[in-house]
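# Close look at the chain arrangement
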Amino acid sequence: MTLDSVVQFCKDRKLKILLSIVLIVIVCLYLKVFFMTGIYYKDTFLKKEIVQEEIHYKSKGKHGDAEIIVKGKGRLDQNSKAEVIFNFPDGVSQQYIVYFNGSDKGNLNNVEIKDSNENSLFAGKYIRNSIVLYDEYNKPFYDDYIKSVIYAEGSMDTSDHKVPYKEIVELSLLEKDRIRGDIKLMAVAVMLIVITFVDIKWPLFLFKLSYFLSVENPQPTELYISMQKISWVLFSVMALILLLTAI
């Protein structure tokens, strides 16, 4: 082995090590963001933080910071209460108190929402995983006319600061917590990456796997090889787009 070849080998090895380190750092940062805990509120992700036994959900936007604070925790089937405070980007703050008074019948749970002055806003029933609340007569209560001010990318509509009562109840129960990323999109992206890696590492593996039962010693055509190389690029781009979309 000549001196030049040794020098070139060292350079290549250093480059590979450097690229590996960079890749590991990027993957770690991505996973940290992907598995960040919080809530999605009107298509905006608010990061969860615990501050002196209080739950804070925060997001930063170009129109200002939004924050939802939950003090205490509501519990179904027993007497309990929790405070839910909305701090909107324009400085407006609203506070709600949610009371749970035990189970009524079956999955029906008695719930009452009051404002900061203890004025009753809603009294009825809550069923976990239901799309609506129920009034005191067990009839569906629809409050979808109430608008929220937090939208995607931190945009705002300051004409109405009311929020759906069902959202308030779910927040008081901490039932909206989830990770930030979309597992399904990530799974598809990882599958594309694995397929591309296998196809690059062993170019004939997938080809022979497709034809070994019908053709003895199959050999790829020039067109197949050209399309294979194009697929490497397309699959890589698709995987990157899916990974970015997943968060």
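Cut-offs and rules
- Residues numbered from 1 in each chain as written.
- Predicted model: local features only at pLDDT ≥ 70, side-chain atom pairs only at ≥ 80, totals over all residues.
- Heavy atoms only, no water.
- Helix = DSSP H or I, 4+ residues; strand = E, 2+ residues; numbered from the N terminus.
- Buried < 20%, exposed > 50% of the residue type's maximum accessible area, 1.4 Å probe, protein only.
- 1 Å grid on protein atoms, 1.4 Å probe; cavity = no way out; pocket = protein on both sides within 12 Å on 5 of 7 lines; lining within 4 Å.
- Points joined across faces, edges and corners; volume = space filled by probe spheres on them.
- Nonpolar A, V, L, I, M, F, W, Y, C, P; charged D, E, K, R; others polar.
- Salt bridge = Lys/Arg side-chain N within 4 Å of Asp/Glu carboxyl O.
- Phe/Tyr/Trp six-rings, centres within 6.5 Å; stacked < 30°, edge-to-face > 60°.
- Lys NZ or Arg CZ within 6 Å of the ring centre and 35° of its normal.
- Core = buried A, V, L, I, M, F, W, Y, C linked by side-chain atoms within 4.5 Å.
- Contact = heavy atoms within 4.5 Å.
- Pairing = 2+ DSSP bridges.
- Expected span 1.5 Å × (residues − 1).
- Polar contact = N/O pair within 3.5 Å; in protein donor to acceptor, adjacent residues only side chain to side chain.
- pLDDT = per-residue confidence, 0-100.

What follows deals with unusual backbone geometry. Peptide bonds are, in most cases, trans, and in most cases residues other than glycine have a negative phi. Here the phi dihedral of Gln52 falls at roughly 50°; this positive angle occurs in a residue that is not glycine. Positionally, Gln52 belongs in the loop between strand S2 (44-51) and strand S3 (54-61). Of note, the phi angle at Glu53 is positive, near 70°, even though the residue is not glycine. Assignment of secondary structure puts Glu53 in the loop between S2 and S3. Taking the relative accessible area as the measure of exposure, Glu53 reaches 75% and is therefore exposed.

Here the largest pocket is characterised by a volume of approximately 300 Å³. Contributing elements (two or more residues each) for the lining of the largest pocket: helix H3 (183-201) and helix H5 (222-245). Broken down by class, the residue content of the lining of the largest pocket amounts to 9 nonpolar, 2 polar and 1 charged.

Here we come to the pattern of salt bridges. One pass over the full model with this rule turns up 9 salt bridges. Asp177 is the partner of Lys48 in a salt bridge, and the nearest nitrogen-oxygen pair spans 2.6 Å. Taken as a pair, Lys48 in strand S2 and Asp177 in the loop between helix H2 (165-172) and strand S11 (178-179) lie far apart in primary sequence, 129 residues in all. With relative accessibility at 24%, the residue Lys48 sits in the partly exposed group. Residue classification places Asp177 among the partly exposed positions, given a relative accessible area of 25%. Notably, a salt bridge pairs Lys114 with Glu118, separated by 3.6 Å at the nearest N-O pair.

In this section: the packing of aromatic side chains. Under the defined criterion, the tally for this structure stands at 9 aromatic pairs. Ring geometry for Phe86 versus Tyr96: centroids 6.0 Å apart, planes at 80°, classification edge-to-face. Residue Phe86 is located in strand S5 (residues 79-87), and its partner Tyr96 is located in strand S6 (residues 93-103); the two are separated by 10 residues in the primary sequence. For the residue pair Phe86 and Tyr96, the accessibility class agrees, reading buried in each case. Aromatic ring contacts, followed pair by pair, group Tyr30, Phe34 and Phe35 into a single cluster. The aromatic ring of Tyr99 is capped on one face by Lys114, whose charged end is 5.2 Å from the ring centroid.

Attention now goes to the nonpolar core. Note on soluble globular proteins: their nonpolar side chains tend to be buried together. Tyr57, Ile68, Phe86, Ile168 and Val169 are the most contacted members of the largest nonpolar core, which totals 25 residues. If sequence neighbours within four positions are ignored, Ile168 has contacts with Val84, Phe86, Tyr96, Val98 and Val163. Judged by nonpolar contacts, the second largest core, of 8 residues, contains Tyr30, Leu192, Ala239 and Leu243.

Another point: the pairing of strand S7 (residues 109-115). In terms of burial, S7 is largely enclosed, as 6 of its 7 residues are buried. Here 6 bridges tie S6 to S7, and the two strands are oriented antiparallel to one another. Its bridge partner being in S7, Ile97 is matched across the sheet by Lys114. Pairing of S7 with strand S8 (residues 120-126) involves 6 bridges; the strand directions are antiparallel. Across the sheet, the residue bridging to Lys114 is Ser120, located in S8.

One can find Ile200 in helix H3. Each C-alpha atom, one on Ile200 and one on Trp232, is 7.6 Å from the other, the two residues being 32 residues apart in sequence.

This paragraph deals with H3. The terminal C-alpha atoms of H3 lie 26 Å apart, and with 19 residues this matches the ideal 27 Å at 1.5 Å per residue to within 8%. All of the buried residues along H3 are Met186, Ala189, Leu192, Thr196, Val198 and Asp199. Of the residues flanking the start of H3, the one acting as N-cap is Asp182, its side-chain oxygen 3.0 Å from the backbone nitrogen of Lys184.

What follows concerns the side chain of Thr196. As for its placement among the helices and strands, Thr196 is situated in helix H3. If near-sequence neighbours (up to four positions away) are discounted, Thr196 is found in contact with Trp232, Phe235 and Ser236.

Quick look at the confidence of the model for the protein chain now. Confidence in the prediction for the protein chain averages 80 pLDDT; 80% of positions are at 70 or higher. When mean pLDDT is taken per element in the protein chain, S11 scores highest with 92 and helix H4 (residues 205-211) scores lowest with 69. Scored below 50 in pLDDT, residues 144-159 shows 38 contacts in the model against residues more than four places distant or in partner chains.

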